[in-house]
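Observations on chain architecture
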Amino acid sequence: MQDQISKIIRRYDFAGQYLDTKAINKVASYFQNAMERLQVVQVLQQDAVDIIKEASNALFTSQPELLRPSGNAYTTRRYAACLRDLEYYLRYAIYAILAGDMSILNERVLTGLADTYNSLGVPIGPTIIGINQLKEAAKKRINSPYIDEVFDHMIKNLC
Ligand code: CYC
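Residues numbered from 1 in each chain as written. Predicted model: local features only at pLDDT ≥ 70, side-chain atom pairs only at ≥ 80, totals over all residues. Heavy atoms only, no water.

A word on the overall build of the chain
Scanning the chain for helices and strands turns up eight helices and zero strands. Listed by position from the N terminus, the elements making up the chain come as α-α-α-α-α-α-α-α. The principal-axis extent of the C-alpha atoms belonging to the chain is close to 60 × 35 × 20 Å. The buried share among the 159 residues of the chain stands at 39%. Partitioning the contacts of the chain with sequence separation of at least 6, the portion at a separation of at least 24 is 67%. Just so you have it, the chain exposes about 9300 Å², and 54% of that area is on carbon and sulfur atoms. Of the charged side chains in the chain, 18 are positive and 17 negative, and the gap between their average positions amounts to 3 Å. (Helix = DSSP H or I, 4+ residues; strand = E, 2+ residues; numbered from the N terminus. Buried < 20%, exposed > 50% of the residue type's maximum accessible area, 1.4 Å probe, protein only. Contact = heavy atoms within 4.5 Å. Areas by Shrake-Rupley, 256 points an atom, 1.4 Å probe, with all protein chains shown as cover. Lys, Arg positive; Asp, Glu negative; His and termini not counted. Charge placed at Lys NZ, Arg CZ, Asp CG, Glu CD.)

Printed below as a string of C-alpha coordinates:
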(Lines give C-alpha, C1' and ligand atoms only; values in the text may rest on other atoms or scores of the structure.)
Protein backbone atom coordinates (compact mmCIF):
# COMPACT_ATOMS: atom_id res chain seq x y z
CA MET A 1 0.00 0.00 0.00
CA GLN A 2 1.29 3.46 -0.77
CA ASP A 3 0.10 7.06 -0.91
CA GLN A 4 0.99 9.75 -3.42
CA ILE A 5 4.09 10.80 -1.48
CA SER A 6 5.49 7.34 -0.83
CA LYS A 7 4.87 6.50 -4.48
CA ILE A 8 7.01 9.42 -5.65
CA ILE A 9 9.80 8.72 -3.14
CA ARG A 10 9.84 5.07 -4.10
CA ARG A 11 10.17 5.90 -7.78
CA TYR A 12 13.09 8.30 -7.22
CA ASP A 13 14.77 5.99 -4.73
CA PHE A 14 14.54 3.17 -7.22
CA ALA A 15 16.35 5.33 -9.78
CA GLY A 16 18.81 6.64 -7.14
CA GLN A 17 17.87 10.24 -7.98
CA TYR A 18 17.24 13.40 -6.04
CA LEU A 19 13.70 14.71 -6.29
CA ASP A 20 13.33 17.08 -9.27
CA THR A 21 10.88 19.92 -9.90
CA LYS A 22 8.33 17.56 -11.37
CA ALA A 23 8.35 15.43 -8.23
CA ILE A 24 8.19 18.45 -5.92
CA ASN A 25 5.25 19.86 -7.89
CA LYS A 26 3.39 16.60 -7.54
CA VAL A 27 3.91 16.56 -3.78
CA ALA A 28 2.85 20.21 -3.60
CA SER A 29 -0.37 19.44 -5.44
CA TYR A 30 -1.08 16.55 -3.05
CA PHE A 31 -0.74 18.94 -0.11
CA GLN A 32 -2.88 21.55 -1.85
CA ASN A 33 -5.68 19.02 -2.25
CA ALA A 34 -5.21 17.46 1.17
CA MET A 35 -7.95 19.52 2.86
CA GLU A 36 -10.49 18.49 0.26
CA ARG A 37 -9.52 14.83 0.64
CA LEU A 38 -9.86 15.11 4.42
CA GLN A 39 -13.26 16.76 4.15
CA VAL A 40 -14.53 14.03 1.85
CA VAL A 41 -13.18 11.30 4.13
CA GLN A 42 -14.77 12.89 7.17
CA VAL A 43 -18.21 13.17 5.59
CA LEU A 44 -18.12 9.65 4.16
CA GLN A 45 -17.12 7.96 7.36
CA GLN A 46 -19.56 9.97 9.41
CA ASP A 47 -22.41 8.92 7.11
CA ALA A 48 -21.12 5.43 6.32
CA VAL A 49 -24.07 3.53 7.82
CA ASP A 50 -26.62 5.63 5.94
CA ILE A 51 -24.65 5.45 2.70
CA ILE A 52 -24.65 1.63 2.88
CA LYS A 53 -28.38 1.59 3.69
CA GLU A 54 -29.24 3.94 0.84
CA ALA A 55 -27.08 2.13 -1.70
CA SER A 56 -28.34 -1.34 -0.76
CA ASN A 57 -31.98 -0.17 -0.79
CA ALA A 58 -31.48 1.29 -4.24
CA LEU A 59 -29.72 -1.88 -5.44
CA PHE A 60 -32.43 -4.27 -4.22
CA THR A 61 -35.26 -2.00 -5.36
CA SER A 62 -33.86 -1.89 -8.87
CA GLN A 63 -32.82 -5.59 -8.89
CA PRO A 64 -35.51 -7.35 -6.82
CA GLU A 65 -34.72 -10.73 -8.42
CA LEU A 66 -31.48 -10.85 -6.38
CA LEU A 67 -33.61 -11.52 -3.28
CA ARG A 68 -35.78 -14.25 -4.84
CA PRO A 69 -34.89 -17.95 -4.39
CA SER A 70 -32.86 -18.07 -7.61
CA GLY A 71 -31.08 -14.78 -6.81
CA ASN A 72 -27.53 -14.48 -5.53
CA ALA A 73 -28.50 -12.46 -2.44
CA TYR A 74 -31.18 -14.99 -1.41
CA THR A 75 -30.76 -16.49 2.08
CA THR A 76 -29.73 -14.26 4.94
CA ARG A 77 -26.13 -15.51 4.70
CA ARG A 78 -25.76 -14.25 1.14
CA TYR A 79 -27.74 -11.08 1.80
CA ALA A 80 -25.34 -10.35 4.68
CA ALA A 81 -22.33 -11.11 2.42
CA CYS A 82 -23.67 -8.58 -0.07
CA LEU A 83 -24.04 -5.84 2.56
CA ARG A 84 -20.58 -6.69 3.87
CA ASP A 85 -19.12 -6.38 0.35
CA LEU A 86 -20.70 -2.93 -0.04
CA GLU A 87 -19.12 -1.97 3.28
CA TYR A 88 -15.75 -3.18 2.03
CA TYR A 89 -16.07 -1.01 -1.07
CA LEU A 90 -16.94 2.09 0.93
CA ARG A 91 -14.24 1.53 3.55
CA TYR A 92 -11.48 0.99 0.99
CA ALA A 93 -12.78 3.90 -1.10
CA ILE A 94 -12.26 6.10 1.96
CA TYR A 95 -8.69 4.82 2.42
CA ALA A 96 -7.86 5.37 -1.25
CA ILE A 97 -9.28 8.90 -1.25
CA LEU A 98 -7.15 9.76 1.77
CA ALA A 99 -4.00 8.23 0.24
CA GLY A 100 -4.64 9.81 -3.16
CA ASP A 101 -3.60 6.50 -4.61
CA MET A 102 -5.42 3.41 -5.83
CA SER A 103 -2.84 0.81 -4.79
CA ILE A 104 -4.64 -0.16 -1.58
CA LEU A 105 -7.77 -0.86 -3.61
CA ASN A 106 -5.89 -2.91 -6.15
CA GLU A 107 -4.00 -4.93 -3.57
CA ARG A 108 -6.67 -5.57 -0.96
CA VAL A 109 -9.92 -5.50 -2.90
CA LEU A 110 -9.70 -5.80 -6.65
CA THR A 111 -6.98 -8.35 -7.38
CA GLY A 112 -8.71 -11.64 -8.09
CA LEU A 113 -12.14 -10.33 -7.09
CA ALA A 114 -13.79 -10.86 -10.48
CA ASP A 115 -12.51 -14.47 -10.51
CA THR A 116 -13.84 -15.06 -6.98
CA TYR A 117 -17.21 -13.60 -7.94
CA ASN A 118 -17.36 -15.64 -11.12
CA SER A 119 -16.54 -18.87 -9.34
CA LEU A 120 -19.20 -18.22 -6.69
CA GLY A 121 -21.83 -17.02 -9.17
CA VAL A 122 -21.93 -13.51 -7.68
CA PRO A 123 -23.25 -11.42 -10.60
CA ILE A 124 -20.85 -8.63 -11.64
CA GLY A 125 -23.49 -6.41 -13.32
CA PRO A 126 -25.61 -5.95 -10.17
CA THR A 127 -22.42 -5.55 -8.10
CA ILE A 128 -21.48 -2.63 -10.35
CA ILE A 129 -24.97 -1.18 -9.87
CA GLY A 130 -24.33 -1.42 -6.11
CA ILE A 131 -20.98 0.38 -6.43
CA ASN A 132 -22.63 3.07 -8.55
CA GLN A 133 -25.29 3.52 -5.88
CA LEU A 134 -22.54 3.92 -3.26
CA LYS A 135 -21.01 6.59 -5.48
CA GLU A 136 -24.34 8.42 -5.83
CA ALA A 137 -25.10 8.23 -2.10
CA ALA A 138 -21.62 9.59 -1.35
CA LYS A 139 -21.87 12.41 -3.90
CA LYS A 140 -25.24 13.46 -2.53
CA ARG A 141 -23.45 14.26 0.72
CA ILE A 142 -20.32 15.88 -0.66
CA ASN A 143 -19.51 16.26 -4.32
CA SER A 144 -15.89 15.74 -5.22
CA PRO A 145 -13.99 14.35 -8.20
CA TYR A 146 -12.14 12.08 -5.75
CA ILE A 147 -15.37 10.17 -5.17
CA ASP A 148 -15.83 9.58 -8.89
CA GLU A 149 -12.20 8.62 -9.28
CA VAL A 150 -12.24 5.91 -6.67
CA PHE A 151 -15.58 4.27 -7.47
CA ASP A 152 -14.98 4.48 -11.24
CA HIS A 153 -11.64 2.74 -10.67
CA MET A 154 -13.43 -0.15 -8.91
CA ILE A 155 -16.03 -0.43 -11.65
CA LYS A 156 -13.41 -0.38 -14.43
CA ASN A 157 -11.45 -3.14 -12.72
CA LEU A 158 -14.46 -5.37 -12.13
CA CYS A 159 -15.68 -5.24 -15.74
C1 CYC B 1 -18.96 -13.49 -1.40
N2 CYC B 1 -17.41 -11.54 -1.49
C3 CYC B 1 -17.70 -12.88 -1.37
C4 CYC B 1 -16.46 -13.58 -1.16
C5 CYC B 1 -15.47 -12.63 -1.17
C6 CYC B 1 -16.09 -11.36 -1.35
C7 CYC B 1 -13.97 -12.90 -1.05
C8 CYC B 1 -16.31 -15.07 -0.96
C9 CYC B 1 -16.02 -15.45 0.47
C10 CYC B 1 -17.10 -15.02 1.42
O11 CYC B 1 -18.28 -15.35 1.22
O12 CYC B 1 -16.76 -14.25 2.33
C13 CYC B 1 -15.51 -10.05 -1.41
N14 CYC B 1 -13.76 -10.23 0.32
C15 CYC B 1 -14.45 -9.57 -0.67
C16 CYC B 1 -13.86 -8.27 -0.82
C17 CYC B 1 -12.81 -8.20 0.07
C18 CYC B 1 -12.76 -9.45 0.79
C19 CYC B 1 -14.33 -7.21 -1.76
C20 CYC B 1 -11.87 -7.04 0.25
C21 CYC B 1 -11.76 -6.56 1.62
O22 CYC B 1 -11.94 -9.76 1.69
N23 CYC B 1 -24.31 -10.77 -4.25
C24 CYC B 1 -25.24 -10.11 -4.97
C25 CYC B 1 -24.99 -8.65 -4.97
C26 CYC B 1 -23.61 -8.54 -4.35
C27 CYC B 1 -23.36 -9.92 -3.78
C28 CYC B 1 -25.06 -8.05 -6.35
C29 CYC B 1 -23.51 -7.40 -3.34
C30 CYC B 1 -23.19 -6.08 -4.00
O31 CYC B 1 -26.18 -10.63 -5.55
C32 CYC B 1 -22.29 -10.22 -2.96
N33 CYC B 1 -20.45 -11.65 -2.22
C34 CYC B 1 -21.78 -11.49 -2.44
C35 CYC B 1 -22.45 -12.66 -2.02
C36 CYC B 1 -21.45 -13.58 -1.59
C37 CYC B 1 -20.21 -12.90 -1.73
C38 CYC B 1 -23.94 -12.94 -2.01
C39 CYC B 1 -21.64 -15.00 -1.09
C40 CYC B 1 -21.69 -15.94 -2.29
C41 CYC B 1 -21.82 -17.39 -1.87
O42 CYC B 1 -21.15 -17.82 -0.92
O43 CYC B 1 -22.59 -18.07 -2.52
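Next comes the rest of the account.
A few points about the nonpolar core
Membership of the largest hydrophobic core comes to 36 residues, with the highest contact counts inside it found for Leu 44, Tyr 89, Leu 105 and Phe 151. For this core, the secondary-structure elements that each account for two or more residues are helix H2 (21-46), helix H3 (48-62), helix H4 (76-99), helix H5 (103-110), helix H6 (113-120), helix H7 (124-141) and helix H8 (145-158). Residues contacting Leu 105, with those up to four places away along its chain left out, are Tyr 92, Ala 93, Ala 96, Leu 110, Val 150, His 153 and Met 154. (Core = buried A, V, L, I, M, F, W, Y, C linked by side-chain atoms within 4.5 Å.)

A short note on the pattern of salt bridges
Counted according to the given criterion, the structure contains eight salt bridges. In this structure, the salt-bridge partner of Lys 7 is Asp 101, at a minimum N-O distance of 3.2 Å. Placement of Lys 7 in helix H1 (residues 4-15) and of Asp 101 in the loop between H4 and H5 is noted, with a sequence separation of 94 residues between them. By relative accessible area, Asp 101 is classed as buried at 4%. Arg 141 is the salt-bridge partner of Asp 47, the closest N and O atoms lying 2.8 Å from each other. Placement of Asp 47 in the loop between H2 and H3 and of Arg 141 in helix H7 is noted, with a sequence separation of 94 residues between them. On the basis of relative accessible area, Asp 47 is assigned to the partly exposed category, the value being 22%. (Salt bridge = Lys/Arg side-chain N within 4 Å of Asp/Glu carboxyl O.)

Observations concerning the packing of aromatic side chains
With the rule as written, the count across this model stands at three aromatic pairs. For the pair Phe 60 and Tyr 79, a centre-to-centre distance of 5.2 Å together with 35° between the ring planes defines the contact as tilted. Highlighted residues: Phe 60 in helix H3 and Tyr 79 in helix H4, separated in sequence by 19 residues. Between Tyr 92 and Tyr 95 the ring centres are 5.3 Å apart and the planes differ by 85°, which places this aromatic pair in the edge-to-face class. Of this pair, Tyr 92 and Tyr 95 both sit in helix H4, three residues apart, roughly one helical turn. (Phe/Tyr/Trp six-rings, centres within 6.5 Å; stacked < 30°, edge-to-face > 60°.)

Digging into the UniProt feature "modified residue: N4-methylasparagine" (unreviewed entry) in the chain
In this numbering, the UniProt entry assigns the feature "modified residue: N4-methylasparagine" (unreviewed entry) to Asn 72. Tracing the sequence through the fold places Asn 72 in the loop between H3 and H4. If we skip the residues at most four places from it in the chain, Asn 72 touches Leu 66, Arg 78, Leu 120, Gly 121, Val 122 and Pro 123. (UniProt positions renumbered as here; feature names shortened; annotations may be inferred.)

Structural notes on the site of the ligand
Lining the immediate surroundings of the ligand are 22 residues, of which Asn 72, Arg 77, Cys 82, Arg 84 and Asp 85 lie closest. At 2.8 Å from a nitrogen atom of the ligand is found a side-chain nitrogen or oxygen belonging to Asn 72. At a separation of 3.1 Å, an oxygen atom of the ligand approaches a polar side-chain atom of Arg 77. Burial of the ligand by the surrounding chains reaches 81%, relative to a free accessible area of 880 Å². Elements with a minimum of two residues in the shell around the ligand: H4, H5, H6 and H7. (Near = heavy atom within 4 Å. Polar contact = N/O pair within 3.5 Å; in protein donor to acceptor, adjacent residues only side chain to side chain.)

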